[in-house]
Amino acid sequence: MKLSKLALLSLALWLATVATFAWFFVRGNTAAGTDDRTAVVLQPIERDLVLGEMRGLLTATHGILQGINVGDMKQVAAAARSAGMGAAVDLNPALMAKLPLSFKELGMTVHHRMDDIAVAAESGKPAPEIMGMLTDTMSSCIACHASWQLQSN
Ligand code: HEC
């Protein structure tokens with residue numbers, strides 16, 4: 001069967017579109033950073049949203065530590081849950097497309113681990129175990145901060 005030129009052209013266009021989407025999905029909207037990291041370039045409002053989520057992660061981490069310190073596992077669970085997957089669902093597709101794949105993976109890892117900490121606190125796991133889980137979770141905070149910065153356009 002001989003493909004018409006038009007069919008070949010539309011196939012090529014389709015492949016180019018798919019490749020462009022795949023490229024963006026993996027690479028995100030990035031540029032050289034002002035230090036040795038790579039910058040993720042977002043609209044000012046999107047940058048504010050991500051940084052707001054970051055401050056939420058810091059508040060949650062503080063809440064977990066404070067709960068452990070006073071022996072209040074309900075507080076530990078509530079603080080961890082506030083940074084769980086439920087906190088990630090509000091990110092819109094346009095913003096998600098600008099985030100590089102490894103950025104998304106590290107972000108999702110932190111949200112999943114926070115849910116794990118909430119479950120551990122609810123099921124009466126001992127404080128040292130929960131401290132260990134938080135320590136592991138924070139390696140993802142550090143790994144992401146070491147690789148990426150945020151810039152706005
Ligand atoms: C997926 C990547 C990623 C993960 C995971 C991550 N961060 Fe961030 N965070 C960033 C980036 C990027 C910035 C902006 C850094 C810059 O521009 O220099 C940032 C900024 C912040 C800020 C500054 C907020 C502001 O208002 O300026 C805080 C606080 C913060 N992160 C806390 C955390 C904590 C706590 C965790 C883990 C529980 C965490 N982050 C996990 C990427 C991440």
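A brief report on the enclosed structure follows. (Residues numbered from 1 in each chain as written. Predicted model: local features only at pLDDT ≥ 70, side-chain atom pairs only at ≥ 80, totals over all residues. Heavy atoms only, no water.)

### Concerning the packing of helix α3 (residues 73–82) against helix α5 (residues 101–122)
Relative orientation of the contacting elements α3 and α5 amounts to 160 degrees, with a least axis distance of 8 Å. Comparing their axes, α5 and α3 come out roughly antiparallel. Between α3 and α5 lies a crossing whose hand is left-handed. Judged by residue contacts, M73, V76, A77, A80 and R81 of α3 engage M114, D115, I117, A118, V119, A121 and E122 from α5. (Axes fitted to C-alpha atoms, helices over the stretch in contact; angles between N-to-C directions. Helix = DSSP H or I, 4+ residues; strand = E, 2+ residues; numbered from the N terminus. Parallel < 35°, antiparallel > 145°, perpendicular 65-115°, else oblique. Left-handed = near helix turned anticlockwise from the far one by under 90°. Contact = heavy atoms within 4.5 Å.)

### A look at the pattern of salt bridges
Per the counting criterion, the structure on display carries four salt bridges. One salt bridge in this structure joins D115 and R81, with 3.4 Å as the shortest N-O distance. Placement of the pair is D115 in helix α5 and R81 in helix α3, with a sequence separation of 34 residues. Under the relative-accessibility criterion, D115 is labelled buried at 17%. Judged by relative accessible area, R81 falls into the partly exposed class, the value being 37%. The salt bridge involving R81 is made with E122; its shortest N-O contact spans 3.1 Å. Within this pair, whereas R81 is found in helix α3, its partner E122 is found in helix α5, the two being separated by 41 residues in sequence. (Salt bridge = Lys/Arg side-chain N within 4 Å of Asp/Glu carboxyl O. Buried < 20%, exposed > 50% of the residue type's maximum accessible area, 1.4 Å probe, protein only.)

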